[in-house]
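# Summary of the model geometry
Single-letter residue listing:
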Amino acid sequence: MTLAVNRMREIERKIETGTRLDESDALFLFESPDLMRIGALADQANRRKNEDRIFYNINRHINPTNICALSCKFCAFSRKPGEEGAYAYEIDEMVEKARAAVTQGATELHMVGGLHPRWPFKRYVEMIATLHKEFPGVHLKAFTAVELDWMARKERRGLGEILQDLKNAGLGSLPGGGAEIFHPEIRDQICDTKVSAGQWIDTHRMAHKMGLRSNCTMLYGHIERYEHRVDHMRRLRELQDETGGFNVFIPLAFQPYQNDMGIGRYTFGFDDLKTIAVARLYLDNFANIKAYWVMMGQDIAQLGLNFGANDFDGTVTEEKISRMAGGRAGMVMSRSDLEHLILRAGRTPVERDTLYRPIDLAKSIARAAELRASAGDAPPETLPVGRGKNLSFAVGMTLNVDGLAALAEIREKTANAQGSTVEICVSNAESLEWAQLLDTCAEVSAAGCQTILSGLTAMAAVMTGASIPLSKGFEALAKSGVRRIVESQEDAGRARPEDLLAIHKAAHGADIPTTGRVTLRASTKAPHAGEAAASRVDWTDFNSQLRAVGEGLRPLGMTSIILGAGRGAVVTASEYLHALNRLKSSAGRMADVIAPVLTEVPTLAPVMGVGSDGSQHPAQKLVALLADFGADDLGVIDPALIKVTRLAEDVRSAGLSVEVKTPETVSWDDAALDLRHKPADRV
Ligand code: SF4
């Protein structure tokens, strides 16, 4: 442990003094679990180079054909001639697609495709020449090193001549595809018929020397190991030292559909962010690192902007390659979508051209200021460090009570639920009777369940209705086995913070610990252009809730705090994680922070890595991120909805120990896993 701490300090010193990191440093960073520290270093390095500016561009992808002579194992895009789904655009079709894009302001056409066995070289030249003639102001970024090698071999001409002909026809620069992983141990397994690493590097060197700039990529998250990534980046850094011809480094997250590699999982958000951060720190001679939303998904890419990335890519419009491999981010984003995501990451969107020159820097900065002013809220700041050592959750069920009939149902449902946590949510006091509520709590507890009551205001109203002082009421609840009192989603709208605090304190007086709540609510201020009214978080309101929670912590009876999302608020992953981290910083060691994302904030689960099907996209992506940003607990998990063993494995594989809050007598089939149970009295 001390060795790792010293090594990290040594790397930090190198970064501070501008000393170049070597390959062993990069490998250490990849292997370190300290994502937040590495992310903070990468963010600082990025800001030193690019201030808070994030590039995007208005572009259009055109994939001329998916017919390909090769069969790379990871590729879901290619088809053989005549195979179902095979296509090849006529040049006229491409012109029409380009025209539509140019009408919408595109400054770049990005064109890569399969190696068509029957297309002669002159067709590629004609393609570029026609597009250049029709749209002389649009930058044509086309053909990977793999396609160029194919053209040269088919034509039996030198690569230099091929590049020169294309450049003369109007080619502006090269995209970065085809690099995959350079190391032969991996390259031979995933794309052994493609150009070698040496050929890829030579092609880009030649292009740079001819005055054509290029991009570079790395396909990660399949069978490669960290040392292969470092080897890959070393080769790119060396060529950049030699020519300075790369515009940007683009880490490409592996997409798991229809590949011949037997891999069915997406990359983890933890790994996506780490890869961006290490690239920023190791590739010190690159000005630009891209968070490619098409492959990572918009939300993880947005987070990447606080982990060293300064480029979000562009509008894209029609990207088929990752889409056919399972990419789920969609194929298009509008200018306002891009600006909106960048602004909500607390950064300034700047439109660029293909060569990473701002199109009109002053205009971009003014527009960002205007958008911020109309939004009114302070953008989230950089995210501080947060990860704890474990992540807990309670196995059980949440049951709503809005009348006596519901109490009867609760008794029925919990009669055989021995060992589970039962959260009884009191939402409506009007038709409830105090004695019935007490009896129900006593019955649920007697059935061996851990009884939690939520809904402070409704509970207090039931007591008042029965002329029971709060102190006496909570004493009675404690006697009936209630183990915790939880502030509900409705409470904040029903009472002032000081009144809620008085109810918390009354519960503490009866030795019942409580859980407070901070809710991300939608701003009521006017939205800025293109944004729905309910889609902005009210940070002023959030800050005042943090202050109120601080008051509740002082008596030390509020031992946990939930971070929820208010009904109607659309919260991005970046905003939720930012808020989580701020809440954890405020709560410190005084309280556990509960992130009930899987159950209470379901809209966030898909964007943070858990698909609605649950099975296809690993929850590890979610739990690792939640833990890194300060979550200690995931709330009450109902095993009828979420597989407990799977969740526990996800927590473990994120490098955390699991605490499942059930007593030893738990009888879920799912809990056959050897879990370390948290003693019931700490529920
Ligand atoms: S990755 Fe490119 S070269 Fe390989 S099969 Fe797919 S389209 Fe063809």
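Residues numbered from 1 in each chain as written. Predicted model: local features only at pLDDT ≥ 70, side-chain atom pairs only at ≥ 80, totals over all residues.

## Points about the overall build of the protein
Within the protein, the regular secondary structure consists of 27 helices and 18 strands. The 683 residues of the protein split such that 51% are buried. Within the protein, contacts between residues separated by at least 24 positions form 79% of all contacts whose residues are at least 6 apart in sequence. (Helix = DSSP H or I, 4+ residues; strand = E, 2+ residues; numbered from the N terminus. Buried ≥ 20, exposed ≤ 12 C-beta atoms within 10 Å, placed from the backbone. Contact = placed C-beta atoms within 7 Å.)

## Considering the nonpolar core
In terms of nonpolar packing, the biggest core is built from 155 residues, with F249, F312, I561, L580, V593 and L626 touching the most fellow members. Top contributing element to this core by residue count: helix α11 (residues 269-282), with eight residues. The residue makeup of this core includes at least three contributed by each of domain 1 (20-373) and domain 2 (390-682). Residues in contact with L580, not counting those within four places in the same chain, are L563, V593, A595, L626, F629, G630 and A631. Formed by 33 residues, the second largest nonpolar core is a distinct cluster that contains I424, V444, M459 and F474. (Core = buried A, V, L, I, M, F, W, Y, C linked by C-beta atoms within 7 Å. Domains from an automatic or database assignment.)

## Overview of the pairing of strand β17 (residues 633-637)
Within β17, five of the five residues are buried, which leaves it mostly tucked inside the rest of the structure. As judged from the three bridges shared by strand β10 (residues 390-401) and β17, these two strands associate in the parallel manner. The residue of β17 that forms the bridge with V395 is I637. (Pairing = 2+ DSSP bridges.)

## Some thoughts on α11
Quick reminder: α-helices carry 3.6 residues per turn. Residues three or four places apart thus point the same way. In this model, α11 (14 residues) spans 20 Å end to end at C-alpha, consistent with the 20 Å of a helix rising 1.5 Å per residue. In terms of burial, α11 is a largely internal element, 14 of the 14 residues being buried. (Expected span 1.5 Å × (residues − 1).)

## Here's the deal with the site of the ligand
The environment of the ligand is made up of C68, L70, S71, C72, C75, F77, S78, G114, L115, V146 and K194. In the shell around the ligand, the residues fall into seven nonpolar, three polar and one charged. (Near = placed C-beta within 6 Å. Nonpolar A, V, L, I, M, F, W, Y, C, P; charged D, E, K, R; others polar.)

## Comments concerning helix α10 (residues 226-243)
The end-to-end C-alpha distance of α10 is 26 Å, a good match for the 26 Å that 18 residues give at a rise of 1.5 Å each. Here α10 has its buried residues at R229, V230, D231, H232, M233, L236, R237 and L239. Against the buried residues of α10 lie α2 (23-31), α9 (197-209), β6 (213-220), β7 (246-253) and α11. G244 sits one or two residues past α10 and shows a positive phi near 65°.

## Structural notes on the packing of helix α7 (residues 159-169) against α9
In contact at an axis separation of 10 Å, α7 and α9 are set at 50° when each is read in the N-to-C sense. One way to sum up the angle between α7 and α9 is to call them oblique. Between α7 and α9 the crossing geometry is right-handed. For the pair α7 and α9, the contacting residues are L159, G160 and L163 in the first and T203, M206 and A207 in the second. Residues that form the contact of α7 with α9 fall into these classes: four nonpolar, two polar and no charged. (Axes fitted to C-alpha atoms, helices over the stretch in contact; angles between N-to-C directions. Parallel < 35°, antiparallel > 145°, perpendicular 65-115°, else oblique. Left-handed = near helix turned anticlockwise from the far one by under 90°.)

## Here we look at the environment of A207
Position of A207 among the secondary structure elements: in helix α9. On the neighbour-count criterion, A207 (24 C-beta atoms within 10 Å) is buried. When the C-alpha positions of A207 and S173 are compared, they lie 8.3 Å apart, and in sequence the two are 34 residues distant. Leaving out residues up to four positions away in the same chain, A207 has contacts with L163, L174, L212 and S214.

## Considerations on the sheet that holds strand β8 (residues 311-314)
The sheet built from three strands is open, its strands ordered β8-β1-β9 with parallel pairing. Two strands in the sheet have a free side with no partner beyond their single neighbour: β8 and β9 (348-351). Neighbour-to-neighbour, the strand axes of this sheet turn through a mean angle of 25°, independent of strand direction. For strand β1 (residues 53-57) and β8, the ladder comprises two bridges, and the chain directions are parallel. Its bridge partner lying in β8, N57 is registered against G314.

## Some words on the confidence of the model for the protein
In this model, the protein carries an average pLDDT of 83, and 84% of its residues clear a pLDDT of 70 or more. Contacts for the low-pLDDT stretch residues 612-618, under 50 throughout, to residues beyond four places or in other chains number 11 contacts. Below a pLDDT of 50 lies the segment residues 663-683, which in the model reaches 43 contacts outside its immediate sequence neighbourhood of four places, other chains included. (pLDDT = per-residue confidence, 0-100.)

## A few points about the pairing of strand β13 (residues 482-486)
In regular strands, side chains alternate between the two faces of the sheet. Counting buried residues along β13, five of its five residues qualify, which places the element largely inside the surrounding structure. As paired strands, strand β12 (residues 450-454) and β13 are joined by four bridges and run parallel to one another. Its bridge partner being in β13, T451 is matched across the sheet by V482. Inspection of the sheet shows β13 paired to strand β14 (residues 514-520) by two bridges, in the parallel sense. Paired with I485 across the strands is T514, a residue of β14.

## A short note on the environment of G39
Relative to the helices and strands, G39 resides in helix α3 (residues 35-50). When the C-alpha positions of G39 and T275 are compared, they lie 9.8 Å apart, and in sequence the two are 236 residues distant. When residues no more than four places from it in sequence are discounted, the contact partners of G39 are L273, A277, N306 and F307.

## A closer look at the packing of helix α6 (residues 145-155) against α9
The N-to-C vectors of α6 and α9 enclose an angle of 90°; their axes lie 9 Å apart at closest approach. Here α9 runs roughly perpendicular to α6, going by the angle between their axes. Where α6 abuts α9, its residues A145, L148 and D149 lie against Q199, W200, T203 and H204. In terms of residue class, the contact of α6 with α9 is made up of three nonpolar, three polar and one charged.

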